[in-house]
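So the chains spell out like this:
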Amino acid sequence: MIEIEHGLYQSSDFSLAMDFKISAGEFCAVLGPSGAGKTTLLSVLAGFEPVQSGLIILAGRDVTQLSPALRPVSMIFQDYNAFSHIDVWTNVALGISPALKLNDGDQSSVADALKSVGLAHVAQRKPGELSGGERQRIAVARVLVRNKPILFLDEPFAALDPGLRSDMLDLIVDLQKQRGMTVLLVTHHPEEAKLAADKILFISEGRVSGPLPVSEFFASEDQSIVRYRGKRL
């Protein structure tokens, strides 16, 4: 579960009001115009940016004052976040222990994660030897070994071509269903929300609204949503 109660983020030239709740196990897309604050919302929830007021509740716990490392969250960014000088297996193992102190169970978890994302056959290769889609799968495998209940994705597939982006989105949806994770996906592609999400959060004019069921969002007559959707949506 993800909840913000009367949250307010402020910087020198920007503010974002947040007051919403996402149920455990839901897949929620975050949409809005460029610069509206989509990445800021994830940064606040993950603990990289502070709120000036309000409460942040993740997985039933007040985490408002907790550091990012103590929040029950994994996050995948647009860049691959893979270390080029070590192999795929080690890149994934770092998700369990930065010191690489792994017991037998941990090593099995790494092997299972690599198998789940289709990287078992390249475990000993380095990221530079892989395709863009394969490198992004390293980040997904690292999420699996961390085994956190909440996953944030900040436009993680933006650099991939449409076919690979669709494949990666399918992979995330499958893993989310298998593990019952609560997912927030920031995207500039409304069609991804249509395909993957249960609900949509919409950010515009300094405020987060929703979540709305996907069908309601795309049928909404709210003028800010209508302007965002445009004629094609």
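This text follows the structure it describes.
Here the structure is a predicted model, which means the values were calculated and not measured.

Peer 1: Before we move on, could you go through a negative patch on the surface and cite the residues and values that matter?
Peer 2: A surface patch of like charges, here negative, comprises Asp161, Asp167, Asp170 and Asp174. Within the secondary structure layout, Asp167 lies in helix H5 (residues 162-179).

Peer 1: Give a description of the pairing of strand E3 (residues 27-31) that names residues and reports values.
Peer 2: Taking burial as the measure, the five residues of E3 include five buried ones, the bulk of the element. Here E3 shows a buried face lined by Phe27, Ala29 and Leu31 and a second buried face lined by Cys28 and Val30. Two elements, E3 and strand E8 (residues 182-186), share four bridges in a ladder whose sense is parallel. Bridge pairing links Ala29 to Leu185 in E8.

Peer 1: Lay out helix H3 (residues 104-116) in plain terms, naming residues and giving numbers.
Peer 2: Between its first and last C-alpha, H3 extends 18 Å over 13 residues, near the 18 Å set by a 1.5 Å rise per residue. Among the residues of H3, those classed as buried are Asp106, Val110, Ala113 and Leu114. The arc that holds every buried residue of H3, seen down its axis, measures 100 degrees, which confines them to one face. Structural note: H3 exposes Asp104, Asp112 and Lys115 on the side pointing more than 90 degrees away from its buried face. Tucked into the core, H3 has its buried residues touching helix H2 (88-93) and helix H4 (132-146). Its side-chain oxygen at 3.0 Å from the backbone nitrogen of Gly105, Asn103 defines the N-terminal cap of H3. Just downstream of H3 lies Gly118, where phi reads positive at about 75 degrees.

Peer 1: Residues and numbers for the packing of H4 against H5, please.
Peer 2: Look at H4 against H5: their axes get within 11 Å of each other, and the N-to-C directions meet at 10 degrees. Classified by the angle between their axes, H4 and H5 sit roughly parallel to one another. Both H4 and H5 take part in a crossing whose hand is right-handed. Residue-level contacts link Gly133, Gln136, Arg137, Val140 and Leu144 of H4 to Leu164, Met168, Leu171, Ile172, Leu175 and Arg179 of H5. Its residues placed into classes, the contact of H4 with H5 shows seven nonpolar, two polar and two charged.

Peer 1: I'd like a rundown of the pattern of salt bridges, residues and numbers included.
Peer 2: Enumeration over the complete set of coordinates arrives at three salt bridges. The closest approach of N and O atoms between Lys199 and Glu26, which form a salt bridge, is 2.9 Å. Here Glu26 lies in the loop between strand E2 (15-22) and E3 and Lys199 lies in strand E9 (residues 199-204), a separation of 173 residues in the sequence. Among the salt bridges present, the one from Glu205 reaches Arg227, with a minimum N-O distance of 3.7 Å. Of this pair, Glu205 sits in the loop between E9 and strand E10 (207-213) while Arg227 sits in helix H8 (residues 223-229), and the two are 22 residues apart along the sequence. In terms of burial, Glu205 and Arg227 fall into one category: exposed.

Peer 1: Residues and numbers for the packing of aromatic side chains, please.
Peer 2: Applying the stated criterion across every chain yields a total of four aromatic pairs. With a centroid separation of 5.7 Å and 55 degrees between ring planes, the pair formed by Phe202 and Phe217 is classed as tilted. Taken as a pair, Phe202 in strand E9 and Phe217 in helix H7 (residues 214-219) lie far apart in primary sequence, 15 residues in all. Neither residue differs from the other here; Phe202 and Phe217 are each classed as buried. Members of the aromatic cluster, joined through ring pairs, are Phe202, Phe217, Phe218 and Tyr228. Lying over the aromatic face of Phe218, Lys194 brings its terminal NZ or CZ to 4.8 Å of the ring centre.

Quick notes on the rules
- Residues numbered from 1 in each chain as written.
- Predicted model: local features only at pLDDT ≥ 70, side-chain atom pairs only at ≥ 80, totals over all residues.
- Heavy atoms only, no water.
- Patch = residues over 30% accessible without salt bridge, like charges linked within 9 Å, V, L, I, M, F, W, Y side chains within 5 Å.
- Areas by Shrake-Rupley, 256 points an atom, 1.4 Å probe, with all protein chains shown as cover.
- Salt bridge = Lys/Arg side-chain N within 4 Å of Asp/Glu carboxyl O.
- Lys, Arg positive; Asp, Glu negative; His and termini not counted.
- Charge placed at Lys NZ, Arg CZ, Asp CG, Glu CD.
- Helix = DSSP H or I, 4+ residues; strand = E, 2+ residues; numbered from the N terminus.
- Buried < 20%, exposed > 50% of the residue type's maximum accessible area, 1.4 Å probe, protein only.
- Pairing = 2+ DSSP bridges.
- Expected span 1.5 Å × (residues − 1).
- Arc of directions from axis to C-beta.
- Contact = heavy atoms within 4.5 Å.
- Polar contact = N/O pair within 3.5 Å; in protein donor to acceptor, adjacent residues only side chain to side chain.
- Axes fitted to C-alpha atoms, helices over the stretch in contact; angles between N-to-C directions.
- Parallel < 35°, antiparallel > 145°, perpendicular 65-115°, else oblique.
- Left-handed = near helix turned anticlockwise from the far one by under 90°.
- Nonpolar A, V, L, I, M, F, W, Y, C, P; charged D, E, K, R; others polar.
- Phe/Tyr/Trp six-rings, centres within 6.5 Å; stacked < 30°, edge-to-face > 60°.
- Lys NZ or Arg CZ within 6 Å of the ring centre and 35° of its normal.

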